[in-house]
Amino acid sequence: MGKAQKLVQWDPHDIKDKLLEKYPPKVARKRAKQIMVNEALENSTPEITANVRTIPGIITMRGCTYAGCKGVIMGPTSDIVNLVHGPIGCSFYAWLTRRNQTDAINDTNANYITYAMSTDMQDSDIIFGGEKKLKAAIQEAYDLFHPKAIAVFATCPVGLIGDDIHAVAKEMKTKFGDCNVFAFSCEGYKGVSQSAGHHIANNQVFTHVVGDSDSEKTGEYKINLLGEYNIGGDGFEIDRILNKCGITNISTFSGNATYDKFASANQADLSCVMCHRSINYVADMLETKYGIPWIKVNFIGAEATAKSLRKIAQYFNDEKLTKKVEEVIAQEMAPVVAARKDVFPRTSGKTAMLFVGGSRAHHYQELFTELGMKTLSAGYEFAHRDDYEGRHVIPHLKVDADSRNIEEIEVSPDPQLYKPRKSEEEIKKLEAEGVDFKEYAGLNEAMDENTIVIDDLNQYEAEKLVELLKPDLFCAGIKEKFSIQKLGVPMKQLHSYDSGGPYAGFTGAINFYNEIDRLVNSRVWGYMKAPWQENPELSATYAWE
Amino acid sequence: MGKAQKLVQWDPHDIKDKLLEKYPPKVARKRAKQIMVNEALENSTPEITANVRTIPGIITMRGCTYAGCKGVIMGPTSDIVNLVHGPIGCSFYAWLTRRNQTDAINDTNANYITYAMSTDMQDSDIIFGGEKKLKAAIQEAYDLFHPKAIAVFATCPVGLIGDDIHAVAKEMKTKFGDCNVFAFSCEGYKGVSQSAGHHIANNQVFTHVVGDSDSEKTGEYKINLLGEYNIGGDGFEIDRILNKCGITNISTFSGNATYDKFASANQADLSCVMCHRSINYVADMLETKYGIPWIKVNFIGAEATAKSLRKIAQYFNDEKLTKKVEEVIAQEMAPVVAARKDVFPRTSGKTAMLFVGGSRAHHYQELFTELGMKTLSAGYEFAHRDDYEGRHVIPHLKVDADSRNIEEIEVSPDPQLYKPRKSEEEIKKLEAEGVDFKEYAGLNEAMDENTIVIDDLNQYEAEKLVELLKPDLFCAGIKEKFSIQKLGVPMKQLHSYDSGGPYAGFTGAINFYNEIDRLVNSRVWGYMKAPWQENPELSATYAWE
Amino acid sequence: MLLRHTPQVITERKALTINPAKTCQPIGAMYASLGIKGCLPHSHGSQGCCAYHRSTLTRHYKEPISAATSSFTEGASVFGGQANLLQAINNIFTVYEPEAIAVHTTCLSETIGDDLPQIFNKAIKEKKVPPGKTLLGAPTPSYVGSHVTGFSNMVKAMAGLAENTGTRNGKINILPGWVEPSDMEEIKRIAALMGVKISIYPDTSGVLNTPLTGKYNMFPDGGTSIAEIRDSGNASGTLALGEWCSADGARLLDTQCKVPCSILDIPVGLKATDRFIDALRTVAGTSVPDEIATERGRLVDLISDMHQYFYGKKVALVGDPDQLISMTEFLVSIDMLPVHIITGTPGKKFEKRIQEITAELNCEVNVKAKGDMFLLHQWIKNEPVDLIIGNSYCKYIARDEDIPFVRWGFPILDRQGHQYFPSIGYMGGLRLLEKILNCLLDRKERDDTEEKFELVL
Amino acid sequence: MLLRHTPQVITERKALTINPAKTCQPIGAMYASLGIKGCLPHSHGSQGCCAYHRSTLTRHYKEPISAATSSFTEGASVFGGQANLLQAINNIFTVYEPEAIAVHTTCLSETIGDDLPQIFNKAIKEKKVPPGKTLLGAPTPSYVGSHVTGFSNMVKAMAGLAENTGTRNGKINILPGWVEPSDMEEIKRIAALMGVKISIYPDTSGVLNTPLTGKYNMFPDGGTSIAEIRDSGNASGTLALGEWCSADGARLLDTQCKVPCSILDIPVGLKATDRFIDALRTVAGTSVPDEIATERGRLVDLISDMHQYFYGKKVALVGDPDQLISMTEFLVSIDMLPVHIITGTPGKKFEKRIQEITAELNCEVNVKAKGDMFLLHQWIKNEPVDLIIGNSYCKYIARDEDIPFVRWGFPILDRQGHQYFPSIGYMGGLRLLEKILNCLLDRKERDDTEEKFELVL
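All values derive from a computational prediction rather than experimental measurement.

**Considerations on a negative patch on the surface**
- A cluster of acidic side chains, namely Asp11(A), Asp14(A), Asp17(A) and Glu21(A), defines a negative patch on the protein surface.
- Looking at the element boundaries, Asp14(A) is found in helix α1 (residues 12-20).

**Some details on the UniProt feature "domain: Nitrogenase/oxidoreductase component" (unreviewed entry) in chain C**
- UniProt feature "domain: Nitrogenase/oxidoreductase component" (unreviewed entry): in the numbering of this structure it lies at residues 24-440 of chain C.
- Helix makes up 48% of residues 24-440 of chain C and strand 13%, whereas the separation of the span's terminal C-alpha atoms amounts to 33 Å.

**Section: the packing of aromatic side chains**
- As enumerated under the stated definition, the model contains 66 aromatic pairs over all chains in all.
- Centre to centre, the rings of Tyr66(A) and Tyr52(C) are 6.3 Å apart; their planes meet at 70°, and the pair counts as edge-to-face. Remark: Tyr52(C) occurs in helix α2 (residues 47-61) and Tyr66(A) occurs in helix α3 (residues 65-74); the pair is interchain, linking two chains.
- Exposure remark for Tyr52(C): the relative accessible area of 13% places this residue in the buried category.

**A short note on the relation of the copies chain D and chain C**
- Aligned on chain C, chain D shows an RMSD of 0.0 Å; the corresponding rotation is 180° and the shift along the axis is 0.0 Å. What we have between these two chains is a two-fold relation.
- Comparing interface residues between copies, 100% of those in chain D also lie at the interface in chain C; the contact surface is shared.

**As for the sheet that holds strand β10 (residues 314-318) of chain D**
Residues and elements named next belong to chain D.
- Spatial strand order, β12-β11-β10-β13-β14: five strands in an open sheet with parallel pairing. Each of the sheet's edge strands pairs with one partner strand only, and the pair in question is β12 (366-368) and β14 (405-407). The sheet shows a mean angle of 20° between the axes of neighbouring strands, direction not considered.

**Re helix α15 (residues 348-357) of chain D**
Residues and elements named next belong to chain D.
- What α15 keeps buried is the set Phe350, Glu351, Ile354 and Ile357. In an axial view of α15, the angular spread of the buried residues amounts to 125°, which keeps them on one side of the axis. Within α15, the exposed residues directed more than 90 degrees away from the buried face are Lys348, Lys349 and Lys352.
- Tucked inside the fold, the buried residues of α15 contact α10 (243-257), α14 (321-333), β11 (337-342) and β12.

**Description of the interface of chain C and chain A**
- Tallying the contact residues gives 77 residues for chain C and 77 residues for chain A.
- For the pair chain C and chain A, the summed buried surface comes to about 6,900 Å²; carbon and sulfur atoms form 63% of the total.
- Taken together, chain C and chain A are joined by four salt bridges.
- With its nearest N and O atoms 3.0 Å apart, the salt bridge here joins Glu63(C) to Lys486(A).
- Taken together, the links from chain C to chain A amount to 35 residue pairs in polar contact (both at pLDDT 80 or more).
- Elements with a contribution of two residues or more to the side of chain C that touches chain A: β1 (17-18), β2 (39-44), α2, β3 (68-69), α3 (74-79), α4 (82-95), α5 (107-112) and α15 (373-382) of chain C.
- For the side of chain C that touches chain A, the element with the most residues is α2(C), which contributes ten residues.
- For the side of chain C that touches chain A, the per-class residue count stands at 34 nonpolar, 30 polar and 13 charged.
- Judged from the two bridges that link them, strand β3 (residues 117-118) of chain A and β1(C) form a sheet pairing that is antiparallel.

Cut-off values and rules
- Residues numbered from 1 in each chain as written.
- Chains lettered and ligands numbered in written order.
- Predicted model: local features only at pLDDT ≥ 70, side-chain atom pairs only at ≥ 80, totals over all residues.
- Heavy atoms only, no water.
- Patch = residues over 30% accessible without salt bridge, like charges linked within 9 Å, V, L, I, M, F, W, Y side chains within 5 Å.
- Areas by Shrake-Rupley, 256 points an atom, 1.4 Å probe, with all protein chains shown as cover.
- Salt bridge = Lys/Arg side-chain N within 4 Å of Asp/Glu carboxyl O.
- Lys, Arg positive; Asp, Glu negative; His and termini not counted.
- Charge placed at Lys NZ, Arg CZ, Asp CG, Glu CD.
- Helix = DSSP H or I, 4+ residues; strand = E, 2+ residues; numbered from the N terminus.
- UniProt positions renumbered as here; feature names shortened; annotations may be inferred.
- Phe/Tyr/Trp six-rings, centres within 6.5 Å; stacked < 30°, edge-to-face > 60°.
- Buried < 20%, exposed > 50% of the residue type's maximum accessible area, 1.4 Å probe, protein only.
- Least-squares fit on C-alpha atoms with pLDDT ≥ 70 in both.
- Contact = heavy atoms within 4.5 Å.
- Pairing = 2+ DSSP bridges.
- Axes fitted to C-alpha atoms, helices over the stretch in contact; angles between N-to-C directions.
- Arc of directions from axis to C-beta.
- Buried area = accessible area lost by both parts, 1.4 Å probe.
- Polar contact = N/O pair within 3.5 Å; in protein donor to acceptor, adjacent residues only side chain to side chain.
- Nonpolar A, V, L, I, M, F, W, Y, C, P; charged D, E, K, R; others polar.

As structure tokens, then:
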């Protein structure tokens, strides 16, 4: 797709109309509310519909609740045996397909990430019930591995046939004595997207694991990092930076997590939320139950990383830390700036689209900005309205039938462990100094006027968008990758990073700069036409030598 | 080629006639003298013509004098820089194409075996002479490697244009002072086969290197092993056995050789000749010049190995050695016997043909006998009459024009170093006890009556022989391998061992048993016809299920 | 050690599957459906199934995989998925305009008991299916059989479209089984060389190995048209390749349309290809052209040339029954020793076939249907092998145990080539041998001491 | 360290070649002659030359290589080889009955000054050449050029047989250059797909990749017949692939028979294949069928899919000029960095072409004609690479320096596949990329820490 063909001007409302024109009326009406032109409307931004049902037959990017629970949240946990109760497929597909890196490999800690375990339900189990088999499977897993914990995941038929996985888990936990067993009712049909699965997973971890550690964690400036999944080693890079600054990361939820790290999360003094969508409620619960305040951070983008580090320092309000953080930033930014300077002439002015996850479509705009690239359109796969519009809309969110069936847990201050880390006054003072607690402004605010924000983008709209706006780069997931690339537009996976990464932190920024340079400047996109297609006429007199 | 088709009876004279029938009369007459039916003729065996010119246009197995000199004899020497003076090809083709193993790899000794060095003569060198370039090349090699010795090899054009390589070598040797430089007039057109090259190589090594060592070699029962080239690690296996017996191998000519080993050969007390063809004259010269007696040995075949070890022990006539040798034989033979017992039922009764080299076609019959296999026909590629008929014919050999131009060197007892190892009486006594000095009975004697012995077998005859006699196995070299196999007969290379080996000694025997078992029992030879070729008729009514 | 918790001692497991050697039915049905021209596969269940299948197939092919889903919610799970499927059918025909929708069920819709034919009838009655367009459906409960079963069920659904109009079309049907697009292309090439007119389905060539041209076609030019599938009821006979993948479809063609069939092995390796070619020649009453005989002879030649490197090498295999049967036979035929053979797909018949094929080997052979890769790994720990052949997951075992590994089967998530180069037929045999040989020789050269490092092999 | 005496510091060598990146003319002539149907190559020189060439070709192809020699003795070297050659011609026609004998000279016979045409005339006069049989000959002095020159000279000798009878035959001549039998087959497949009638010579397909059948044919069915070569003088034009290997023959066809020609690069890789296909289409006045466009698009697709693994990887290359030019262009086109490029064949023009192709790269590129592999190794020591592509001898460097290595070119003495699978054209491009990718990914997986070891790539 040559430069010459590019649309120079387009009206976002026209684009929206074009995206909708082929739909049946009912679909068009629904999608119209999920496609939003980002523009000022008398002191407010327009409302977007999100976290609603996927339309049957419309090819979606979304996965299911089980995927969000087992795949996303629990996948990165290395020393918990994750046992899927269901037919074999659900376990198979979630087997090593997310790039959950762990450093438990050569550790004394167990590492079960490379194992896919399943009860492989058969028709007899469906007919006669699967509890017996589940019990036997838990026993076999216990006998083989003697793990600290076994997590059981329900798949679609389990809820329907009525297996009581929680009762089984409880029974086995009691039987073993030295192994925590707990279960997740994360049947695939629940909720409307992975988001419900995150919620179910986080609630159970919070209920069954957090606060369960015997050991006291020492170290200065103790934080939790919530909503970071260590894809491509992002978590390793963030830990490297935190470590260098002298900040102690008690527990990441759930990148490179272990049972004990989860269990110790209550010992941190600050929760830092990366992926707002998948975990903001855990931050709230940690505050309510243990008195740990939380702030939104972002380690995607070098500037964002520096800003997040400064926020943390500001929170702890300690000159030593502040000084160290500034030192680290100065030191780490030098190569970042050099790398950016190298690629900038080749990336600036290019355009991108991002449709992915529940935070990345926002966070990665930081990096594109650093590259001088403009984001034309973006949206989330499984976000809620607050992820677009900011947390101020939370009180106004409608709870529909699909959300209602996702368990909300009630949390109150822990009689023993609740301890407010900051007094009301301290919090107020910090807020006055610019530390926003419990605040997230959302995607829309970060995007330019007249860009297009689309929730739950589907295959049809993606193709249309690319055809109409001809971006230089498209970001989404593996299912989207090759249909976009067939159109001659490079496609960067922001779930799996196309086996690249880390892209977080300072080193990650450099990696990303180089990767985007490679993608938008690859020679291959110039090869789509053969010479005889470019010059199809036959030369009547071929010029023999 | 199924068993059923095999000729049960054949008359060797008929076979000979069939081999000859298509030749032009002159060729037929010549070949008739080189194809011999092995039969008793009034107290003598028939004479065979050997070491005569190859017939132009008749596709031969033979190589050239350069190949015999550079490739065979000097190829295995690791710390001598072998520099080929000529166009690039001769150096290229001899580059790592023989399996000359060396243990100099991790040694302090140099290892130049992996380097092919050439003056890469150009047309200007042909026109104006190549001496200047040769001199410069020697200098460059010296400057790069600082070797102990540099050997220069002449290729075809060198002799024709009159480059005096020996003068150049001498000049450079003098110039360097610390590097022996010598040259070989081994132009490819000399002689009639590789054999001439062996002779040229050995003469120069004898002249320029042997006796040149400063260090005194210690150790008991010192021998030289002549005519063993360490293909596939044969020499390593023989050294292992000798070592185990307490016998000291001063110098192998030239498997795994180093300059210093050659130089010390005069310090041995016995020369043991493996390949009679390539080196018997060196054994003679060692005796004449230094007083070292020689015996023929053979380490191919477990029984032959045992016999050779006993011969050596008998020569040294020392109870300790005799006892040790018997111990070693007893110990080593146990697994050999077990291995033989395993394969024997699958190999015995099979037939073989061997056409290779100047000794292997004889030696390997030992192994086939051990496998219960019969050799139907055999012959050498570059042997002389004595290799067929025994050394008693040597005085009667005609020296033709081609042989005359191969330098014979005159050797006389060394004024300082000559020292007869055994007195006349001791020799006589040993002979009476069965130790045959300077004796080799030749191939013919080892073969059954009415087998066919063929010198310088060519491609046409090989194919005919296989068609007529349908052997289960054919042994020759790489050039022959695939035309034989196309006929459905497995072909074992006895030059390169098809990358197998070692086949010498005891371990080698086991290797060979298993290899032959594999070859003659491979499933693949049953696949040559497709089912529709075996049953070409179309079933009118195909049996659908 | 990435799998360091796998113990060498084998204990029986009755309830727990670890590291499966199979997946569930729907993905097989989806793959098969992609081999119909202009067809959109549709997963009747939760959206996660479809997402997982599309992701897996995409990672295997590095190609877009279009498929829709009924996106069940909790409500649909309680009240049945009919409304979702009807809505989906309407949306699909309106937005994507396929020629056909091939619906497969899931554990969810099967547990609920959704009745596809009834829903299809309703869709037709409600005019949600434009004229000339086709709905087909296969029940593919995830809790029965494996992905192989799902493939077979969708092939059977295709066969169910066949009609015997009373006039034979002079063609041979070939049901190729679950092979790669390149393999299907190779079958077409072979049939063309032999002058045999065939109908082959499914046919994913031209669908899952499409060019990059700057244009995206949701429905590429490849695949077997619905018309051709319907016409397969008029064929002279059916050659079904692979008992597990193709026999049910072939038998349905027989009972439904009186098209007789033969069940053959998938033509992987010399002997299975021999039988395929011979069957094709016989049923079509034609002769085998020199070109094919030459390819065969080249394969035999390579076996003989490199026999020493194959001979006696022990191999561990994991894959699907049809493929494993032919691969095992191939390895035995070149004097290799397949000593551990695992499929996740159930079926005692499989174990029996393997035992027959390996009966003449002078070594113990472990074989298990409904096995898993955890067991395979344990077998390997107890009896090490020289080579592992299987899907990408084997690389964890290969790395831990330091064993050479040839990728083959499904899924291959980390290498390229399977889409473009066949591994069936004689040419495919050459390719497989080249791969095995490279793998063994690379290892030999890695492990050889410098003394033994050789120029010529 | 097998090459531990190779120093990193590079000193100029004027007289000494170490580890050559070429060999001598006669083997090229022999290889070319094998591409004539029913032809026995004959080496006019010492028997060692012939033995060496046969051995090398046999090791490369694992096939019988028939060729005869004049078996010079010292006498012949002094008095000239005429008697030997006359005797050889008589013996060959009597015993082997070939259709033709293709004689090439050697350094020996060239130094002596043997005159082939004169000897041929004498042979004909003496009735040593049966009626209908052909003698052709090429001067191939080993001390000029390289094996590539020898190939070219024999192709020129073939072209010398061409006759313009005044009636155009409607064909295009293709001189394929020194490529593999599989490549020549691929050219024929492509031309057939495009509907272009071609005469291709030499053509070693069917000669050096023959089946194992239990029958040995000294003269297999493959090769270009003498009649077809003669008729090439009536063609519409000649496409000569490779300046070094094919241009002289093509130009002779022009001057001798007025058949116009174009010199193209060997179609290795995307762009060179594009030019070849476009030229073929243009000269034949035909259009490019979808099948070829699809193959092209698949190649582009694979480049795009796997681009991240190619991008920025440094490569060292050794080989022959025609091949290296196209390979370098291919690597540049996929964003790899060919940084060290060596051929042993002389020719400043080569260095210039490579410099042009690599001009846009952001790194220093070492290129040398008349270089050797000792120098290549030294370059690598000074500037390490991620990949070596070249003949089997490279494996010593690859092992010492622990660098991934793809075998390509001549000779390949230790792996199989080059005979059967083309590396030219778009399909060949796919094969090359598969090999490069396997090699790079195998290394990645070897070197990745366990934390970074990935299922999906």
